[in-house]
Amino acid sequence: QVQLVESGGGLVQAGGSLRLSCAASARTFSNYAMSWFRQAPGKEREFVAAISWGGSNTNYADSVKGRFTISRDNAKNTVDLQMNSLKAEDTAVYYCAASASSWGGRAVRQYNYWGQGTQVTVSS
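This structure is a prediction, so every number in the text was calculated from the model and none was measured.

> I tried to follow the state of the cysteines on my own but got confused; where do I start?
The term disulfide refers to a covalent linkage connecting the sulfur atoms of a pair of cysteines. Applying the stated criterion across every chain, the model contains one disulfide. A disulfide bridge connects C22 with C96, and the sulfur atoms are separated by 2.1 Å. The disulfide joining C22 to C96 has a torsion of about 55° about its S-S bond and is therefore right-handed. Separated by 74 residues along the polypeptide, C22 in strand β3 (residues 18-24) and C96 in strand β9 (residues 92-99) bring together distant segments of the chain. By relative accessible area, C22 is classed as buried at 1%. For C96, a relative accessible area of 0% corresponds to the buried category.

Following this line, the structure appears as structure tokens:
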């Protein structure tokens, strides 16, 4: 199994940047495809970005494409989300998630493990 811990959330002004990090305890981190999701108050958890096992393939929700970048370092057991040009509508709790079976899934049911979440608040 794998434990995930997110960090890097905080309060930023619209147009600013923030970098989130997810640290995994797995001994076989490269066996897991990884994603970032977010959930705003009163809304369902939504897909943000995904990265394949070795990091060669990525995809993004249309709402963040061109602004966010997902990356991973399998030697360090970490997955990052670089967020640029932040908007008020990006405000949410951000979660990292791991899947041992597939990559790029956009439904929460496709993931085996979840972090505790980190709050991102964008003010305008």
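Let us keep going from here.
> Is there a simple way to explain the environment of G54 in this structure?
Here G54 shows up in the loop between β5 (46-51) and β6 (58-60). A residue is classified by how much of its surface remains accessible, and G54, at 62% relative accessible area, is exposed. Along the primary structure G54 and A92 are separated by 38 residues, whereas in three dimensions their C-alpha atoms are 28 Å apart. For G54, the residues in contact, after removing those within four places along its chain, are R72 and N74.

> How do you make sense of unusual backbone geometry when you look at a structure like this?
Generally, phi is negative for residues other than glycine and the peptide bonds are trans, each holding for most cases. The phi torsion at N77 lies on the positive side, around 60°, for a residue other than glycine. With respect to the helices and strands, N77 occurs in the loop between β7 (68-73) and β8 (78-83). Taking the relative accessible area as the measure of exposure, N77 reaches 17% and is therefore buried. We note that S85 has phi near 50°; this positive angle belongs to a residue other than glycine.

Rules of the game
- Residues numbered from 1 in each chain as written.
- Predicted model: local features only at pLDDT ≥ 70, side-chain atom pairs only at ≥ 80, totals over all residues.
- Heavy atoms only, no water.
- Disulfide = S-S within 2.5 Å.
- Helix = DSSP H or I, 4+ residues; strand = E, 2+ residues; numbered from the N terminus.
- Buried < 20%, exposed > 50% of the residue type's maximum accessible area, 1.4 Å probe, protein only.
- Contact = heavy atoms within 4.5 Å.

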